[in-house]
Amino acid sequence: MSWNVEVDGGTCIGSGMCAALMPELFELDGAVAHPLAERVDPDETVLDAADSCPAMAITVTAGGEVVGPRP
Ligand code: SF4
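These lines cover the structure that appears in this document, whether it is placed above or below. (Residues numbered from 1 in each chain as written. Predicted model: local features only at pLDDT ≥ 70, side-chain atom pairs only at ≥ 80, totals over all residues.)

**Thoughts on helix H2 (residues 44-52)**
Then, in step 1: Along H2, the positions that sit buried rather than exposed are Val46, Ala49 and Ala50. Along the long axis of H2, the arc covered by the buried residues comes to 95 degrees, so they all point the same way. Residues of H2 that are exposed and point more than 90 degrees away from the buried face comprise Glu44 and Thr45.
Then, in step 2: In the core, the buried residues of H2 are packed alongside strand S1 (3-7), helix H1 (17-21), strand S2 (26-29), strand S4 (39-40), strand S5 (58-62) and strand S6 (65-68). (Buried ≥ 20, exposed ≤ 12 C-beta atoms within 10 Å, placed from the backbone. Helix = DSSP H or I, 4+ residues; strand = E, 2+ residues; numbered from the N terminus. Arc of directions from axis to C-beta. Contact = placed C-beta atoms within 7 Å.)

What follows is the structure in structure tokens.
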């Protein structure tokens, strides 16, 4: 099952950490990051990006269940 990746543009503070960690998936567009794909194959690095976002702006879901950031 693929995962869905969202960045809340109203919460993102433009730190660029996600884009540094996964430039193939996250791009900084001005002061806000956005995912280059909404659906991705399960990948631990996507969860790492969600976990390390200082604004908790990245949400990863699998079949509607939130899998990242991890508790
Ligand atoms: S790590 Fe979080 S706050 Fe930083 S650019 Fe990415 S989504 Fe925005």
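What follows picks up the thread again.
**Describing the environment of Leu28**
Then, in step 1: Locating Leu28 in the fold gives a position in strand S2.
Then, in step 2: In this structure the C-alpha to C-alpha distance between Leu28 and Ser2, which are 26 residues apart in sequence, comes to 23 Å.

No statement about biological role is implied by the geometric values presented.
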